Amino acid sequence: MSFKEKINPAKLPQHVAIIMDGNGRWAKQKGKFRIFGHTNGVKAVRDAVEGAAEAGIKYLTLYAFSTENWNRPKLEVNALMELLVNTIHKETETLMKNNIRLVAIGDLENLPKKCYKELQEAISKTSGNSRMTLNLALNYSSRWEIVAAVKKIASQIKSGELEPEDIDESKFVSQLCTSDMPDPELLIRTSGEHRISNFLMWQISYSELYFTEKLWPDFRREDLFEALVNFQSRERRFGMTSEQLESK
Ligand code: IPE
Ligand code: IPE
Ligand code: MG
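Residues numbered from 1 in each chain as written. Chains lettered and ligands numbered in written order. Predicted model: local features only at pLDDT ≥ 70, side-chain atom pairs only at ≥ 80, totals over all residues. Heavy atoms only, no water.

Draft legend 1. Geometry of the overall build of the protein chain. Regarding its fold elements, the protein chain presents nine helices and six strands. Over its C-alpha trace the protein chain gives a radius of gyration of 19 Å, about what one expects of a compact globule, namely 18 Å for 248 residues. The C-alpha extent of the protein chain, read off along each of the three principal axes, is 55 × 50 × 35 Å. Expressed as a percentage of its 248 residues, the buried residues of the protein chain come to 46%. Across the protein chain, every contact between residues at least 6 apart in sequence was considered, and the portion connecting residues at least 24 apart equals 76%. When the accessible area of the protein chain is evaluated, it comes to approximately 13,200 Å², of which 52% is carbon and sulfur surface. Mean positive and mean negative side-chain charge positions of the protein chain (35 and 34 charges, respectively) differ by 7 Å. (Helix = DSSP H or I, 4+ residues; strand = E, 2+ residues; numbered from the N terminus. Rg over C-alpha atoms; globule rule 2.2 N^0.38 Å. Buried < 20%, exposed > 50% of the residue type's maximum accessible area, 1.4 Å probe, protein only. Contact = heavy atoms within 4.5 Å. Areas by Shrake-Rupley, 256 points an atom, 1.4 Å probe, with all protein chains shown as cover. Lys, Arg positive; Asp, Glu negative; His and termini not counted. Charge placed at Lys NZ, Arg CZ, Asp CG, Glu CD.)

Structure (structure tokens):
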């Protein structure tokens, strides 16, 4: 039985987030430059996106570039930005065909102009699609997002729009980039690293974490389905006891 057949459609997560890691090591294993790994990572992106839509996932967030990734060699950063522009351009058609809406989170205005423009075009072109939302985390980091949210709240207080006593979790969440999405129930990281790397730290408070040794360019929809089946075998207690959950 394939993993796809084992998925229980009644217990699907609404939102899956993926830290796509291991492109550089994948290329190194093949005696190639790191950029070769990034180029091959695009196939995995396409397959994961189609697989997620096929499984019935409503939101898929992909960590594509962190604010810390600017610290990589200039050649690699430039190649990644170029790849991003070309991929968004080429894949818009596929997104339309699959009825997938593209959105993005992160410090988008500080992306290279060409990249920002291509992204905005794809976002507006696909804005009416409804099967799944593909959310790209670009120039994103969780600490950046949280500080930006705090700044917005502080300025609302300064202008008298908001009282400090009125700050609660929902007020805070409304200032995050993901305010119009549910939190991811499942977070996947490839490449065998067991860390969060500044990704969605508020939003994953109660996410199930799934780590796989597969390097990102080798990741395919069957791997996503395997993660979904694994997710469905877990008991999510949210601080309660098993007995309480059973009696619900
Ligand atoms: C993930 O692969 C892609 C990005 C972070 C842009 P890496 O480039 O981090 O690959 P490794 O982790 O060095 O193998
Ligand atoms: C996290 O991967 C960022 C993305 C996948 C875009 P990194 O490869 O940059 O993370 P670290 O440096 O291993 O923590
Ligand atoms: Mg990495």
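Still to come is the rest of the account.
Draft legend 2. Representation of the sheet that holds strand S6 (residues 208-211) in the model. Read from one edge to the other, the open sheet built from six strands follows the order S3-S4-S2-S1-S5-S6, with strand pairing classed as parallel. Two strands in the sheet have a free side with no partner beyond their single neighbour: strand S3 (100-105) and S6. Averaged over all pairs of adjacent strands, the angle between strand axes in this sheet comes to 20°, irrespective of strand direction. Contacts from helix H4 (residues 74-97) reach strand S2 (59-66), S3 and strand S4 (132-140) within the one sheet, and its direction differs from that of S2 by about 155°. (Pairing = 2+ DSSP bridges. Axes fitted to C-alpha atoms, helices over the stretch in contact; angles between N-to-C directions.)

Draft legend 3. Geometry of the site of ligand 2. Neighbouring ligand 2 are Ile19, Met20, Asp21, Tyr63, Ala64, Phe65, Ser66, Asn69, Arg72, Arg189, Arg195 and Ser197. Measuring from an oxygen atom of ligand 2, one finds a side-chain N or O atom of Asn69 at 2.9 Å. Here ligand 2, which alone exposes 390 Å², has 77% of that area covered by the protein. Examining the composition of the shell around ligand 2, we find that four residues originate from one element, S2, more than from any other. Broken down by class, the residue content of the shell around ligand 2 amounts to five nonpolar, three polar and four charged. (Near = heavy atom within 4 Å. Polar contact = N/O pair within 3.5 Å; in protein donor to acceptor, adjacent residues only side chain to side chain. Nonpolar A, V, L, I, M, F, W, Y, C, P; charged D, E, K, R; others polar.)

Draft legend 4. Quick look at helix H3 (residues 34-55). In this model H3 runs 31 Å from its N-terminal to its C-terminal C-alpha over 22 residues, within 8% of the 32 Å that 1.5 Å per residue would give. Backbone geometry just after H3 places Gly56 at a positive phi near 100°. (Expected span 1.5 Å × (residues − 1).)

Draft legend 5. Main features of the site of ligand 1. Taken together, the residues surrounding ligand 1 are Met20, Asp21, Gly22, Asn23, Gly24, Arg25, Arg34, His38, Ala64, Asn69, Arg72 and Leu80. At 2.8 Å from an oxygen atom of ligand 1 is found a side-chain nitrogen or oxygen belonging to Asp21. Those elements giving two or more residues to the shell around ligand 1 turn out to be helix H2 (23-29) and H3. With three residues, H2 is the single largest residue contributor to the shell around ligand 1. Broken down by class, the residue content of the shell around ligand 1 amounts to three nonpolar, five polar and four charged.

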